[in-house]
Amino acid sequence: VITAMTCILKVSVLTILVFITSCAGKNDIYVKAAHRMAKTEEAEEVPLPIINDIDVILPTNTTSSNATEVQEDNENEEDTLDHVSTAENSTTAAEEPTPNATLPEPSSSNSPSSMVMSDSPSSSPSITTKVTESPTKLSTNAPSASPSKHPITTSPTTSSTTPIDVSLNIQSINIVILTDVHSWVQGHGRHEPNLNADYGNILSFYQRLQQQVEQIDSKPDIYLVNNGDFLHGTILGDDPPEHLVGILERMPFDAVTLGEHEVVNSISIEKMEEPGGLFDEWGERLVTSNVRQSGADNDNLNPLGNNYLLLEGNQGSVLVLGFLYKLNENESADGITVADVQDVIEEGWFTSLFASCKHQPQFDAVVVLSHMDVRDELVTLLLSKFRKLCGENMVVQFVTGHTHIRSFAELDSHSSSIEAGRFLDTVGFVSFEPKQGNFAHNFIPANELYLAQSLDMSVEEYHTHDGKELSDYIARTFEHTGAGQILGCASKRFNEMDLLEMYLNEVMPKSFLNHYHSSHNIMLQYLESFVGYDLFPGVVTMGDIYAVIPQ
């Protein structure tokens, strides 16, 4: 029995064949989209086994990607991309609604201003999103046994008309979060107008929020962080990221860490490490506490970025660490090592950093950019270590990711963990008081109306000069890649199972299998991550095909 992998076909040129209907509606056509490493329009032929019969084996638990599995967790509360629930307001986190879906009106519960601000660190601020005193029950996508190794993926779902509260509780320390964007910096506006914000809009939002925070007498601190997995996903995130780097450099991130997608391809790493390139631009802001790179002698391992970062603000110092979950052997690029977190927290630089933490700490709070599940066992391990070294009153904020969900959990009275979606469908926000905790959070859908409402501004007035320039630059760059090249039309919206069925019943038989004849059989086995995103009805472009193909 010869096994053909239908998940990804990797050869000198990686290709996918998608069966769609011609725009004229007269003929069925095959579109051969050269992907990622492709340098020519025609892909090289791949030698295939001689077969004549096909057996298809699908997982017994495979369901339509529009139907999310839900289970109850008796320990925490988690807001997935398909469901968000808070005690004070019920919101639907359908982050990727179908085209022309009705946009829910932002909640006006805090009118006239959607920002709830505390002028005094010692005061008790009004909290508009749920802040739990202890972990509460939550509904969630069924997590895998090893959530950091198998991110949960769901197809876009239809938005509800339930009003969404996008108010922000400004406290002493405030963090705006982007995670797992996977190069969706142009947003989803072409197919999903409810997710029409791009990185330029996010930049405008952040700059306006900074201006408003600066007007508060207590002078709170505000930071913008990127929690990794910014590569792959769209044509902009291809290896190497020739077009994405210039966009990322224009975002004023205060701290950045890397996900697994940034450490798997040597060519992309070389691109980002070019003199004067992305990593040089980020400098000390790139924090990779357990991602190492071999030196010239191939013996010594050095941090790919920096072990840690101290952010100095009006409200004190914040220690920033950056951790990536442990990759399997040979998953990372040559020369890259992801050290075990258990080993790193026993290293000299780490222990010396916390040597005086209980008596004379060098910082007032710890923020851990953690590219792993919101309740990963490594989060528990790190928190336990911090409590041992610093005591119970050191505030520890975990910014998590990788599993592509919205989630928030209070781990103890002085620690919480937050994950803010995927593919630029969410702008995360969390705030807290040093030495107190008092965590508040919100998930803002990446929509211009919501971003403006959270600032108590109109869509017309919240834009900044820098933000508009970046939006224009993204649009020009996206078009320059050839993303707008029209390949055909799709008769309907295709989710993961639709595309799998089309691939098995149309593409494979009519493109590969009819060229070979033999008494041999072939088994096609469906694997995880068959597609990266839905294929939408109407005109299909090269950019759409790149978004469908997973990395």
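Refer to the structure printed above.
Quick caveat: nothing in here was measured; it's all calculated off a predicted structure.

Rules of the game
- Residues numbered from 1 in each chain as written.
- Predicted model: local features only at pLDDT ≥ 70, side-chain atom pairs only at ≥ 80, totals over all residues.
- Heavy atoms only, no water.
- Helix = DSSP H or I, 4+ residues; strand = E, 2+ residues; numbered from the N terminus.
- Buried < 20%, exposed > 50% of the residue type's maximum accessible area, 1.4 Å probe, protein only.
- Contact = heavy atoms within 4.5 Å.
- Areas by Shrake-Rupley, 256 points an atom, 1.4 Å probe, with all protein chains shown as cover.
- Salt bridge = Lys/Arg side-chain N within 4 Å of Asp/Glu carboxyl O.
- Pairing = 2+ DSSP bridges.
- Axes fitted to C-alpha atoms, helices over the stretch in contact; angles between N-to-C directions.
- Phe/Tyr/Trp six-rings, centres within 6.5 Å; stacked < 30°, edge-to-face > 60°.
- Polar contact = N/O pair within 3.5 Å; in protein donor to acceptor, adjacent residues only side chain to side chain.

**A closer look at the overall build of the protein chain**
In step 1: The helix and strand tally for the protein chain stands at 12 helices and 27 strands.
In step 2: Within the span of the protein chain, comprising 551 residues, buried residues form 58% of the whole.
In step 3: For the protein chain, the proportion of contacts with a sequence separation of at least 24, taken over those separated by at least 6, is 77%.
In step 4: Element-wise, carbon and sulfur atoms account for 47% of the exposed surface of the protein chain, whose accessible area totals about 22,400 Å².

**Description of the pattern of salt bridges**
In step 1: Overall, the coordinates contain 11 salt bridges when judged by the stated rule.
In step 2: When the shortest N-O distance is used, the salt bridge between Arg387 and Asp412 registers 3.0 Å. A residue pair is termed long-range when its members are at least 10 positions apart, and Arg387 in helix α7 (residues 377-390) and Asp412 in strand β21 (residues 406-412) qualify at 25 residues.
In step 3: Given a relative accessible area of 9%, Arg387 falls into the buried group.
In step 4: Residues Arg493 and Asp534 are paired through a salt bridge, measuring 3.1 Å at the closest nitrogen-oxygen approach.

**Side note on the sheet that holds strand β16 (residues 308-313)**
In step 1: With respect to topology, six strands assemble into an open sheet ordered β16-β17-β19-β20-β22-β21, the strand pairing being mixed. The strands lining the two open edges of the sheet, one partner per strand, are β16 and β21. In this sheet, adjacent strand axes meet at a mean angle of 20° when their direction is disregarded.
In step 2: Where β21 and strand β22 (residues 415-420) come together, six bridges link them in antiparallel fashion. Paired with Glu410 across the two strands is Ser416, which belongs to β22.

**Here we look at the packing of aromatic side chains**
In step 1: If you walk through the whole model with that rule in mind, you get 14 aromatic pairs.
In step 2: Taken together, Tyr308, Trp349, Phe350, Phe354, Phe363, Phe386 and Phe398 form an aromatic cluster joined through their ring pairs.

**A look at the side chain of Thr426**
In step 1: The residue Thr426 is located in strand β23 (residues 426-433) in this model.
In step 2: Judged by its relative accessible area of 2%, Thr426 is buried.
In step 3: At 3.0 Å, the side chain of Thr426 and the side chain of Arg406 are in polar contact.
In step 4: Polar contacts involving the side chain of Thr426 include one to the side chain of Asp425, which spans 2.7 Å.

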